[in-house]
Amino acid sequence: MTTHHNPLRNTSRSAAAVSLAALLALTATACGDGGTTGSGDEGSGKGEITFWDNNGGVRTAVWQEIIKDFEGKNPDIKVKYVPVPSEDVQSKYDTAIAGGGLPDVGGIGAAYLANMVAQEALEPVGERLKASSLNGKLVPLMVDSVKTAGGRGDELYSVPTSASNGTLYYRTDLFKAANLQPPTTWKLFYEAAEKLTDAKNNKFGYTIRGGPGSIAQALDAAYGQSGITEFWNGDKTTVNDPKNVAALEKYVGLYKRTTPAADVNNDFKKMVSQWDTGTIGMLSHNLGSYTDHVKALGEEKFAGIPGPVGDDGVRVQVSNPVDGLGLFKGSKNKAAAWKFIEFAASHESNSKWNKSAGAMPANTEAAKDPWVNASEPTRLGAKTLTDGSTKLVQLPYYLPDWNKISKAENEPNFQKVLLGSMTSKDFLDTLAEQLNEAQAEWKEQSQK
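Keep in mind that what you see is a predicted model, and the values were worked out from it rather than measured. Throughout, residues of each chain are indexed from 1 in the direction in which the sequence is written. Under the rules for a predicted model, residues below a pLDDT of 70 receive no local features and side-chain atom pairs below 80 are neither given nor counted, while totals for whole chains, interfaces and linings still include all residues. In computing side-chain values, all of the structure's heavy atoms are included and hydrogens and water are not.

1. Quick notes on helix H9 (residues 242-252)
Accessibility here uses a 1.4 Å probe with only protein chains present; expressed as a share of the type maximum, an area under 20% marks a residue as buried, one over 50% as exposed, and anything in between as partly exposed. Runs of E in the DSSP output that reach at least two residues are strands. Runs of H or I that reach at least four are helices, and both are numbered from the N terminus. Within H9, the full set of buried residues consists of Asn 244, Val 245, Ala 247, Leu 248, Tyr 251 and Val 252. All buried residues of H9 project into a common sector of 165° when viewed along the axis, lining one side. In this structure, H9 carries Pro 242 and Lys 243 as exposed residues pointing more than 90 degrees from its buried face. Between two residues, a contact is recorded if the distance between any of their heavy atoms is within 4.5 Å. Each element contacted by the buried residues of H9 is listed here: helix H7 (186-195), strand S6 (204-207), helix H8 (214-226), helix H17 (411-419) and helix H18 (424-446). Think of a polar contact as two N or O atoms within 3.5 Å of one another; within protein, one of them needs to be a possible hydrogen donor and the other a possible acceptor, and neighboring residues in sequence only count if both atoms come from side chains. Its side-chain oxygen 2.8 Å from the backbone nitrogen of Lys 243, Asp 241 forms the N-cap of H9. When we speak of the arc, we mean the arc of directions from the helix axis to the C-beta atoms.

Pasting the structure below:
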């Protein structure tokens, strides 16, 4: 991507946009009518359906409100709500696909959409969408993004609900006290990380994500500094390009020097909580934690900006997966399940959910609501994704093995890098080898 472009466009390689995260546990007995990946049934359009929230805990309150609204307008349908932690969601789906007990409707992030499509768990929803009240009312770039992530051409396997953007949050009060400029460039970012650190007094310049969800953040820092704008160079990934290796080395060099030692195990919840309650200068996350920071700190003590720009004045970020809702193929009540999806993605519900999450709505009417521009991080995130100011490196969500490679196989390796028992080069070489193999397999399957 050497020219300005719209980062959420549909490319042959991937999909853009957001993932949000969560809490609470799911029991194996919390099943819906989804059962297996069989053909299911349209059903009567009445009765009970089961909904799995892939952001359980963090987004439970807003979903319960939307469900209450839905049941008020559809008294003959009852929604059974099951909260699932984002870090467990793919394994929960995989277990249910193998052993039965899938829900009727579920929250589906683009990062694991292709894996579920490959297992024939989801119902295609393109034709339903065309015939519904949502037709023409979803942001086309998000729809294209989800189509690409599904990996099956023009077919749609998820109704997009939200998109986010990588955000660098910083404590404006601490920056002001230290006479520091906002961390708008990588040079200023590193300077602030050093200057705001006073480890003896438990003050740190930055918090780094070492636990679940660490890989995308590490890649964001690598590509952001290297300025490389393509994930693939032919059939080989650029993740282990020498420029990315050097960038990652510099980034992980912050660990334990300008970051807390506990960061090695931090998932997003721990990282956000630590930042909200302590004296840490900067935090890399996405728009999803904005409301948490407002509650903890108040709007006057922090600000959120898209990632820092490089020496050439260009900002490079990696894509966040679009979040959406999927209809399960084995559902015995698809008609009622679709009514719920249609309601949840409608103007009022979609606006309510995204305002609560601090994310960008997929519903075009919701995207025009005043609150979108009232929050500076959301306004800047939306601007970043639409005005061509940012070059987005499209992560290959369309690879069925993407989530497995980026999480199960490499999160433990990234912890080894932080702890000094593995080099950044070995880490990125290992990741590259697995990605190149997955890409070759995907191309071979696609050509059959």
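Don't stop here, the text continues.
2. What to know about the sheet that holds strand S10 (residues 302-305)
Pairing between two strands requires that DSSP report at least two bridges joining them. In space, the four strands of this open sheet follow the order S6-S9-S5-S10, with mixed pairing throughout. The open sheet has two edge strands, S6 and S10, and neither has a second partner. Ignoring strand direction, the axes of neighbouring strands in this sheet form an average angle of 20°. Pairing geometry for strand S5 (residues 166-171) and strand S9 (residues 280-286), over five bridges, is antiparallel. Counterpart to Leu 168 in the pairing with S9 is Ser 284. Relative to S10, helix H11 (residues 290-297) is tilted by about 165°, and along the sheet it contacts S5, S9 and S10. Under this scheme, a helix contributes an axis fitted over its contacting stretch, all axes are lines through C-alpha atoms, and angles between N-to-C directions fall in the 0 to 180 degree range.

3. Brief notes about the confidence of the model for the chain
Note: pLDDT gives the predictor's confidence per residue, expressed from 0 to 100. Averaged over every residue, the pLDDT of the chain is 88; the share at 70 or more is 90%. A low-confidence stretch, residues 1-36 stays under pLDDT 50, and its non-local contacts, those more than four residues away or across chains, total 145 contacts.

4. Notes on the side chain of Ser 349
Relative to the helices and strands, Ser 349 resides in helix H13 (residues 347-357). The contact partners of Ser 349, leaving out residues within four places of it in the chain, are Ile 66, Phe 343 and Ala 344.

5. A look at a negative patch on the surface
Taken together, Asp 401, Glu 433, Glu 437, Glu 441 and Glu 444 make up a surface patch of like negative charges. Structurally, Glu 444 can be placed in helix H18. The class for Glu 444 is exposed, based on a relative accessible area of 51%. Patches here are clusters of residues that have more than 30% relative accessible area and form no salt bridge, with a 9 Å joining cutoff for like charges and a 5 Å cutoff for nonpolar side chains (Val, Leu, Ile, Met, Phe, Trp, Tyr). Each accessible area is a Shrake-Rupley result for a 1.4 Å probe, and residues are judged covered by the shown protein chains and nothing else. We count a salt bridge whenever a side-chain nitrogen from Lys or Arg sits within 4 Å of a carboxyl oxygen from Asp or Glu. Neither His nor the chain termini are counted; the positive set is Lys and Arg, and the negative set is Asp and Glu. Lys charges are placed at NZ, Arg charges at CZ, Asp charges at CG and Glu charges at CD.

6. Some details on the environment of Arg 171
Here Arg 171 is to be found in strand S5. Relative accessible area serves as the criterion here: at 6%, Arg 171 is assigned to the buried category. In sequence terms Arg 171 and Lys 301 are 130 residues apart; their C-alpha atoms lie 5.7 Å from each other. Contacts of Arg 171, omitting those with residues within four sequence positions, involve Trp 275, Gly 278, Thr 279, Ile 280, Gly 281, Leu 297, Lys 301 and Phe 302.

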